[in-house]
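Residue-level structure breakdown
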Amino acid sequence: MDLLDAHLIPAVDGVAFGLLLFVVAAGLSLAFGTAGVLNLSHGTLYAIGAYTGAELSDGTWGGLALGLAAGTAAACVAGAGLSAATAPLARRGHLAQALLTFGLALIGGDLLIQLFGADELPVRVPEALDSSVMLLGHRYPAYRLCFIVMAVLLAAFGTWVLTRTRMGAAVRAAADDPQMLAATGRNPRAVHTGVLAAAGALAGAAGVLGAPIIGPGPGTSENVLMLSLVVVVLGGLRSLWATFFAAIAVGEVQTLGVSLAPDLAPYLLFAAMAAVLVLRSRFTEPTAGHGPEDPGPDPVARLRNHLAGRLRRRPRGTPRTPGTPGTPGAPSAPSAPGTAGTAGASGAGRTAKVAGAVRAGAAPREHASRVPVRIGRLPGGAAWRQAAPLLVLLVVLISLPALLDAYSISLAGSALALGLLAVSVTILTGYAGLPTLGQTAPFAVGAYATANLAEAGWTVGPVQLVLSALAAAVFAAAVGPAVIRARGTTVLMITLAIGELTGAVVNQLKSVTGGADGLVGFPATRALWGGEEMLEESQLYNYALVVAVVAVSVTLLVLRSPAGKLLTGTRGAEARMRASGHPVGRYLLVAHICAGALAGVGGSLMVTVQQYLAPADVGFEIAAFALLAVVIGGTTSVIGALLGAGLIVATRDWVAGSWPGHGPLLLGVLFVATVYLLPRGLAGLRGGSGGGSGPPSEAPVTGGRPPSPPAPHPAGKVSP
């Protein structure tokens, strides 16, 4: 009885907290499960309602009603706007949606701080609810009991709407069969907008009603988003009642779990999330292709192709030359599907076989004589064109210490460290086809390993790099089997859970990580045995540049090797490789380990350059930045990832310095602009629409002429 009395209030608090998470997660589940939008700005919708309700609250019933109406309406409008923002990304998959909505969350969070201030706002509830009632001999806040009743009623009402009304049938049909819904006279696009507006309204209403429980302030939106993602993963997308019970369980872990097992509670949620996702992936066969989704039309590439097509157009009367399609003796162009006769069909079949053989990494026997042999010769023009960006970038990086001040040089060193993290994400996302939001986990392992080695007196740079890379590789090998089986959005969620678990360890293991205070004051690194400690920014930058050049060179050599071709094959033709006897799982695990080791090197480099380490340096935001750097550069461009990392660091730390307090806003604009304007990244701006950011796609139709077939793209080709 004494134990029950001691934990009764935390248990009831867990119910209230869980029901609040249920209302938020119901909207997130609705957006993802029926509208197909992975909304990482859902926590910001909650914050909109919370700030609005707190601002309008005056301790009266009228103030509560006005705040509820205004907060719900504002979040509803924001949800409808989100529908318009994500409409152009409908065919580009969840990765582009995640980046866009994360950018919108950064923008929205900055605007909310500008409007309402950076301090947590007080919330005044009506006097009748601002009191306590007796509950089994204990006094308990009346408002929380009232909220429990309202949330249960909302769960029952939502289930009734989705299962018993025409509106709910339309929503389910929009998710399962939009073509059938359109045949009935309903507009699937309008239903899609209505679903996201309703999801926003739920989040806004939860923000207004939940403000006395999770008040509006810095970090509120991120906390609510992470907990809601856990609820959605545990409850699934099929039933509101499953989401309801999952939310109650999460609420109890957050309150009663902290009371009963304070040391284990921080790990339970994301451990359960990862376990559920891994178990689900075990019962699902991997898809045949698990590479990045179609990036969709590139507006810059469309304009370039249009202009190039006009310039290449032959004047009238120009005689046809041998080798031109349509002349005697020239190979016939493959016919469009469904329009060719027998000869055209057989020609198209031969072309497909040749292209398939080239993609597999071997030239067809009948064309072997046409492949030039370049043994003992200098690299050709194409090789020099590929190496030119590397050489130009290297020259620019070498000259930076003579051009920049000390602060800017330190930022350049940090950009190199983040760039190595981004390159590791490129290996997983662009080549292995495993998009990740948790690569900061091995990055953190390498960073804290270096800091602890320095504190123990191991200050030689190469020793720190090797041991940090080894520790990160061991970590990646341990978590790799949980990642490589999954595909698509499930990989994102598993890696996110791994990253958050690592963050929880960082905050709890104070003897190793320093906890929330981080680590500072450890001895500086020495470049070589017997050398002096590197204290000047120029010394640290030159050290970081040498390490980055070596790491990137090794990465490019591996990706251009037969091993890199095998890795590319697992992304584009997994089913064929499995049928041919290739151990695809082993290839992916090795890639995951190597990417983890590279991330560990980046973490070690970051600690050496910064000479301090805080939990924010290895948090979720850094993982999102690394993924954005990959998208900016192009998902298979190693050098593009480095350029993207430099652009992010410059925007966050240098450009934002001239506009203090608006760093998140500038980064959010960068996220949004990248998703819309560079669907294939910077690599897509050179050499056609493919540009090394994935398989080449057909050029858009211009001038009423059909697009030319894409040129064969050798497997394993790496964009510099």
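1. Some points on the overall build of the protein
For the protein, the count of helices and strands is 26 helices and four strands. At a minimum sequence separation of 6, the contacts of the protein that also span at least 24 residues come to 77%. Accessible surface, the protein: about 33300 Å² in total, of which carbon and sulfur atoms supply 65%.

2. A word on the packing of aromatic side chains
All chains considered together, the criterion is met by seven aromatic pairs. With 6.1 Å between their ring centres and 35° between their planes, F157 and W160 make a pair best called tilted. With F157 and W160 both in helix α5 (residues 142-164) and three residues apart, this pair spans about one turn of that helix. For W160, a relative accessible area of 45% puts it in the partly exposed group. Both rings, one in F625 and one in F671, keep their centres 6.2 Å apart while their planes meet at 45°; by these two values the pair is tilted. In this pair, F625 is assigned in helix α24 (residues 620-633) and F671 in helix α26 (residues 663-677), connecting sequence segments 46 residues apart. With relative accessibility at 0%, the residue F671 sits in the buried group. Clustering of aromatic rings is evident, with ring pairs tying together F102, F620, F625 and F671.

3. Re the pattern of salt bridges
In this structure the tally under the stated criterion is four salt bridges. Residues D13 and R144 are paired through a salt bridge, measuring 3.1 Å at the closest nitrogen-oxygen approach. Here D13, found in helix α1 (residues 2-33), pairs with R144, found in helix α5; they are 131 residues apart in sequence, far enough to count as distant. For D13, a relative accessible area of 18% corresponds to the buried category. According to the relative accessible area criterion, R144 is partly exposed, its value standing at 22%. Taken together, the salt bridges that share partners define one network made up of R487, E574 and R578.

4. Brief notes about the environment of G530
Topologically, G530 is positioned in the loop between β3 (519-520) and α20 (537-560). Looking at G530, the relative accessible area reads 70%, which means it is exposed.

5. A few points about the pairing of strand β1 (residues 132-135)
If a strand is regular, its side chains alternate between the two faces of the sheet. In terms of strand pairing, β1 meets strand β2 (residues 138-141) through four bridges, oriented antiparallel. If you follow M134 over to β2, its bridge partner there is R139. Taking the residues that link successive antiparallel strands as the turn, the β1-β2 hairpin has two residues, and the phi of L136 there is positive, at about 50°.

6. Remarks on helix α21 (residues 562-572)
Of the residues making up α21, those classed as buried are G564, L567, T568, G569, T570 and R571. Along its buried surface, α21 packs onto α15 (406-431), α20, α22 (574-579) and α23 (584-610).

7. Quick notes on the packing of helix α3 (residues 61-86) against helix α4 (residues 93-116)
Packed helix pairs are characterised by how far apart their axes lie and by the angle those axes make with each other. In contact at an axis separation of 11 Å, α3 and α4 are set at 140° when each is read in the N-to-C sense. Taken together, the axes of α3 and α4 are oblique relative to one another. Seen from above, α3 lies across α4 with right-handed handedness. Note on element contacts: α4 touches α3 through L100, T101 and L104, opposite L82, A85 and T86. Residue classes in the contact of α3 with α4 are distributed as four nonpolar, two polar and no charged.

8. Brief notes about the environment of A432
Note that A432 resides in the loop between α15 and α16 (440-455). Judged by its relative accessible area of 0%, A432 falls in the buried class. For the pair A432 and G572, spaced 140 residues apart in sequence, the C-alpha to C-alpha distance is 9.1 Å.

9. Here's the deal with the confidence of the model for the protein
Here the protein averages 79 in pLDDT, and 79% of its residues register 70 or above. Across the protein, the element-wise mean pLDDT spans from 42 in helix α13 (residues 342-359) up to 95 in α16. Scored below 50 in pLDDT, residues 314-378 makes 28 contacts in the model with residues more than four places away or belonging to other chains. Within the model, the stretch residues 688-720 combines pLDDT values under 50 with 72 contacts to residues more than four positions away or in other chains.

10. Here we look at the nonpolar core
Formed by 161 residues in total, the largest nonpolar core has its most connected members in M273 and I648. By residue number, the principal contributor to this core is α15, which donates 15 residues. With near-sequence residues (within four places) excluded, I648 lies in contact with L418, F625, L628, A629, I632, L667 and L670.

11. Here's the deal with the packing of α20 against helix α25 (residues 638-655)
It is at 10 Å that the axes of α20 and α25 come closest, and there the two elements cross at 145°. Judged by residue contacts, V552, L556 and L559 of α20 engage V638, I639 and L642 from α25. Residues belonging to the contact of α20 with α25 are distributed by class as follows: six nonpolar, no polar and no charged.

12. Things to note about α15
In this model α15 runs 37 Å from its N-terminal to its C-terminal C-alpha over 26 residues, within 8% of the 38 Å that 1.5 Å per residue would give. Just past α15, the residue G433 takes up positive phi, approximately 70°.

13. Structural notes on a nonpolar patch on the surface
Together, W458, L467, L470 and V474 line one region of the surface with nonpolar side chains, adding up to about 400 Å² of accessible area. Residue position: L470 is located in helix α17 (residues 461-484). A relative accessible area of 52% means that L470 is categorised as exposed.

14. A word on the environment of L434
Locating L434 in the fold gives a position in the loop between α15 and α16. Distance in space between the C-alpha atoms of L434 and I484 is 7.4 Å, their sequence separation being 50 residues.

15. Brief notes about unusual backbone geometry
In the Ramachandran plot, Q611 falls in the positive-phi region, its phi being about 65° despite a non-glycine side chain. If you trace the backbone, Q611 turns up in the loop between α23 and β4 (612-613).

Calculation rules
Residues numbered from 1 in each chain as written. Predicted model: local features only at pLDDT ≥ 70, side-chain atom pairs only at ≥ 80, totals over all residues. Heavy atoms only, no water. Helix = DSSP H or I, 4+ residues; strand = E, 2+ residues; numbered from the N terminus. Contact = heavy atoms within 4.5 Å. Areas by Shrake-Rupley, 256 points an atom, 1.4 Å probe, with all protein chains shown as cover. Phe/Tyr/Trp six-rings, centres within 6.5 Å; stacked < 30°, edge-to-face > 60°. Buried < 20%, exposed > 50% of the residue type's maximum accessible area, 1.4 Å probe, protein only. Salt bridge = Lys/Arg side-chain N within 4 Å of Asp/Glu carboxyl O. Pairing = 2+ DSSP bridges. Axes fitted to C-alpha atoms, helices over the stretch in contact; angles between N-to-C directions. Parallel < 35°, antiparallel > 145°, perpendicular 65-115°, else oblique. Left-handed = near helix turned anticlockwise from the far one by under 90°. Nonpolar A, V, L, I, M, F, W, Y, C, P; charged D, E, K, R; others polar. pLDDT = per-residue confidence, 0-100. Core = buried A, V, L, I, M, F, W, Y, C linked by side-chain atoms within 4.5 Å. Expected span 1.5 Å × (residues − 1). Patch = residues over 30% accessible without salt bridge, like charges linked within 9 Å, V, L, I, M, F, W, Y side chains within 5 Å.

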